[in-house]
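# Tertiary structure, described
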Amino acid sequence: MNEKTIPYKIYLEESEMPKQWYNVRADMKNKPAPLLNPGTLAPMTAEELGHVFCDELVAQELDDTTRFIDIPAEIRDFYKMYRPSPLVRAYCLEKKLQTPAKIYYKFEGNNTSGSHKLNSAIAQAYYAKKQGLKGVTTETGAGQWGTALSMACSYFDLDCKVYMVKVSYEQKPFRREVMRTYGASVTPSPSETTEVGRKILAEHPGTSGSLGCAISEAVEAATSAEGYRYVLGSVLNQVLLHQSVIGMETKAALDKYEITPDIIIGCAGGGSNLGGLISPFMGEKLRGEKDYRIIAVEPASCPSFTRGRYAYDFCDTGKVCPLAKMYTLGSGFIPSANHAGGLRYHGMSSTLSQLYDDGLMEAVSVEQTSVFEAAEQFARVEGILPAPESSHAIRVAIDEALKCKETGEEKTIVFGLTGTGYFDMVAYEKYNNGEMSDYIPTDEELAAGFAGLPKVE
Ligand SMILES: *Cc1c(COP(=O)(O)O)cnc(C)c1O
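What counts, and where the lines are drawn
- Every residue gets a number counted from 1 within its own chain, in the order that chain's sequence is written.
- Owing to the predicted nature of the model, reporting of local features is limited to residues with pLDDT of at least 70; listing and counting of side-chain atom pairs is limited to 80 or more, with chain, interface and lining totals taken over all residues.
- Processing note: side-chain calculations cover all non-hydrogen atoms of the structure and skip hydrogens and water entirely.
- For two strands to be treated as a pair, DSSP must find at least two bridges joining them.
- Each helix is a run of H or I in the DSSP string that is no shorter than four residues. Each strand is a run of E no shorter than two, and both are numbered from the N terminus.
- Only heavy atoms matter for contacts: two residues are in contact if any of them lie within 4.5 Å across the pair.
- As a rule, the C-alpha atoms of each element are fitted with a line to give its axis, helices using only the stretch in contact, and angles between N-to-C directions run from 0 to 180 degrees.
- Any residue with a heavy atom positioned within 4 Å of a molecule or strand is treated as near that molecule or strand.
- Pairs of N or O atoms are called polar contacts if they sit within 3.5 Å, as long as, within protein, a hydrogen donor faces a hydrogen acceptor (for residues adjacent in sequence, only side-chain-to-side-chain pairs).
- All accessible areas in this document rest on Shrake-Rupley with a 1.4 Å probe, and a residue is counted as covered only by the protein chains that are shown.
- Gly counts as polar in this scheme, as do all residues outside two lists: the nonpolar Ala, Val, Leu, Ile, Met, Phe, Trp, Tyr, Cys and Pro, and the charged Asp, Glu, Lys and Arg.
- Start and end positions for the domains come from either an automated domain assignment or a database one.
- Salt-bridge detection follows one rule: a side-chain nitrogen of Lys or Arg within 4 Å of a carboxyl oxygen of Asp or Glu.
- With a 1.4 Å probe rolled over the protein chains alone, any residue whose accessible area is under 20% of its type maximum counts as buried; one over 50% counts as exposed, and the rest are partly exposed.
- Buried area: the accessible area, evaluated with a 1.4 Å probe, that two parts lose upon being put together, summed over both parts.
- For the purposes of this section, nonpolar cores are sets of buried Ala, Val, Leu, Ile, Met, Phe, Trp, Tyr and Cys residues that join through side-chain atoms within 4.5 Å.
- Here a pair means two rings of Phe, Tyr or Trp (six-membered ring of Trp) with centres within 6.5 Å. Their orientation is stacked below 30 degrees between planes, edge-to-face above 60, and tilted elsewhere.
- Charges are assigned to positions over rings by a cutoff of 6 Å between ring centre and Lys NZ or Arg CZ, combined with an angular limit of 35 degrees from the ring normal.

## A word on the sheet that holds strand β15 (residues 412-417)
The strand order β1-β4-β5-β15-β10-β11-β14 describes an open sheet built from seven strands, whose pairing is mixed. If you trace the sheet from one side to the other, it starts and ends with β1 (9-10) and β14 (362-366), each paired once. Summarising the sheet, strand β4 (residues 87-89) and strand β5 (residues 102-107) pair through three bridges and their orientation is antiparallel. Bridge pairing links L87 to K106 in β5. In this fold helix α12 (residues 272-286) packs onto β10 (263-267), β11 (293-299) and β15, with an angle of close to 155 degrees to the strand it touches most, β10.

In structure tokens form, the structure reads like this:
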């Protein structure tokens, strides 16, 4: 490599911010499987999807061929408030680990919502506004997505109805209040406000809710009110498309200093940050131009890639959504109470599932206490207090850097630092008190989840 000194933080100029999103599906030989109508099992048409989602987002969802899609100027203006985000050389972490590896992280936590989710929230709110809608509905688990969406909706003056998993609504009042501050209405789910919510409550009185239930309620709320559509913060193709801004910036920053990564690492919940981060690199790989090791990191308590099935499944508990083919643990699978709320979804993006099935990326699962150990190590030398979700990627980046220490290899590692963990202090408290446990589901528990998979031939 040349001798240009690499700064701690590589910032792009505003003018170097991507003007287009990159659609990795255009370069995939095996396209992700289509969403299916749960009644007829035929691929969902644009018209059917248009009852639930905004028209322009439906077009993006179904578009497997357009390689680059323009980012509207209004969205770019919003991005400019917190982008380009820095690509940081983790010099202090490298020194602490005494590794010859070079470690970089792309930091997406530098906005009030505290995560990368704002990149897609603002795009989805923009298209809803452009369509002349009154508002949007969504679900949120720990609250990162709901927070991002409430910020985006207030910017475009749209109504925002958030169904928040009841246990989080009660135990995480801070994010709830951030959402309300940005003007969103927040309803604990399951609730009496929807038919599916009432049904779930009748069947499971006193339930503390789940993401799958909240999705069903949000979809019903959108489809039963005039001028509303439903929006989702991960999993869907359109969300990966919007998040490609992370990868495009990362690649531009690396190219600027003639750096070629060997390993790219990201945490994977529904797959949006990872899909976005890797997209331009995966594109090169798919076109046979370059090769990279790409690693998805998931919690051992919710191991969709490493122990799941690649099959069509329901996306929600109430079974009102289309079926998606993905690596899944089954829509009835309820992960144990791990502290990375953003990584608790039972399924995985169809795009990433196909890439994984084609052997183009790897996946590992890691246990919670070792994740917090890595988080603490990172916070102490790099200054940023990472989100528990992001810390999954930190864990594996550190593991790979330590392998380099053994072998003496000077590999270049890039990982996605998706957000900050200031609202996760209860989890840090558990860790600091030595009260954190690791739960790994048994094969029998997973089998129970698989038994609920729909029969689709
Ligand atoms: C939601 C979230 C994730 C996981 O979602 P993906 O769609 O898999 O990216 C990761 N990190 C943070 C900070 C999150 O809020």
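From this point, things continue past the structure.
## What to know about the site of the ligand
Surrounding the ligand, one finds 18 residues, the nearest of these being K117, S234, G269, S272 and T418. N273 is positioned such that a nitrogen or oxygen atom in its side chain is 2.7 Å from an oxygen atom of the ligand. The side chain of T418 places a nitrogen or oxygen atom 2.7 Å from a nitrogen atom of the ligand. For the ligand, whose accessible area on its own is 390 Å², the fraction buried by protein is 98%. Counted by class, the shell around the ligand contains four nonpolar, 12 polar and two charged residues. Taken together, domain 1 (3-16 + 83-114 + 238-451) and domain 2 (22-70 + 117-236) each give at least three residues to the shell around the ligand, which thus spans both.

## A short note on the pattern of salt bridges
Taken as a whole and assessed by the stated rule, the structure comprises 26 salt bridges. Across the salt bridge formed by E94 and R89, the nearest N and O atoms sit 2.7 Å from each other. Judged by its relative accessible area of 7%, R89 falls in the buried class. With a shortest N-O distance of 3.3 Å, E376 and R380 are connected by a salt bridge.

## Looking at the domain arrangement of the chain
How big an interface is tends to be stated in terms of accessible area lost as the parts join. Each domain of the chain was delimited in the assignment, giving domain 1 (3-16 + 83-114 + 238-451) and domain 2 (22-70 + 117-236). The C-alpha centroid of domain 2 is placed 22 Å from the C-alpha centroid of domain 1. If you look at the interface, domain 1 gives 49 residues, while domain 2 gives 53 residues. Overall, the association of domain 1 and domain 2 removes approximately 4200 Å² of surface from exposure, summing both partners, and the carbon and sulfur fraction of that is 63%. Seen at the junction of domain 1 and domain 2, the total is one salt bridge. The salt bridge involving D27 is made with R287; its shortest N-O contact spans 2.9 Å. Remark: the boundary between domain 1 and domain 2 carries 16 residue pairs in polar contact (both at pLDDT 80 or more). Elements with a minimum of two residues in the side of domain 1 that touches domain 2: α11 (237-256), α12, β13 (323-328) and α14 (350-357). Split into classes, the residues belonging to the side of domain 1 that touches domain 2 amount to 21 nonpolar, 19 polar and nine charged.

## Concerning the sheet that holds strand β6 (residues 135-140)
The strand order β8-β7-β6-β9 describes an open sheet built from four strands, whose pairing is parallel. The open sheet has two free edges, formed respectively by β8 (185-189) and β9 (228-230), since each of these has just one partner strand. Strand-to-strand twist of the sheet, defined as the mean angle between neighbouring strand axes without regard to direction, takes the value 25 degrees. Pairing analysis gives five bridges linking strand β7 (residues 159-165) to β8, with the strands arranged parallel. Within the sheet, the bridge partner assigned to K161 lies in β8 and is S185.

## Thoughts on the nonpolar core
A general trend in soluble globular proteins is that nonpolar side chains are found buried together. Judged by nonpolar contacts, the single largest core of 73 residues is most densely connected at W21, I75, Y79, F305 and M361. Looking at which element gives the most residues to this core, the answer is helix α5 (residues 118-130), with eight residues. Counting contributing residues, this core receives three or more from each of domain 1 (3-16 + 83-114 + 238-451) and domain 2 (22-70 + 117-236). Among residues more than four places away in sequence, those in contact with I75 are W21, I122, A123, Y126 and Y127.

## Regarding the packing of aromatic side chains
According to the stated counting rule, one finds 19 aromatic pairs in the structure shown. Taking the centre distance of 5.6 Å and the plane angle of 45 degrees together, the rings of Y22 and F68 count as tilted. Highlighted residues: Y22 in strand β2 (residues 20-22) and F68 in strand β3 (residues 68-70), separated in sequence by 46 residues. With relative accessibility at 3%, the residue Y22 sits in the buried group. Grouping aromatic residues by their ring pairs yields a cluster made of F78, Y79, Y82, Y126, Y127, Y155 and F156. The lysine or arginine in question, R176, covers the ring of Y169, its NZ or CZ lying 4.7 Å from the ring centre. A cation over a ring is seen here: K325 above Y310, with NZ or CZ 4.5 Å from the ring centre.

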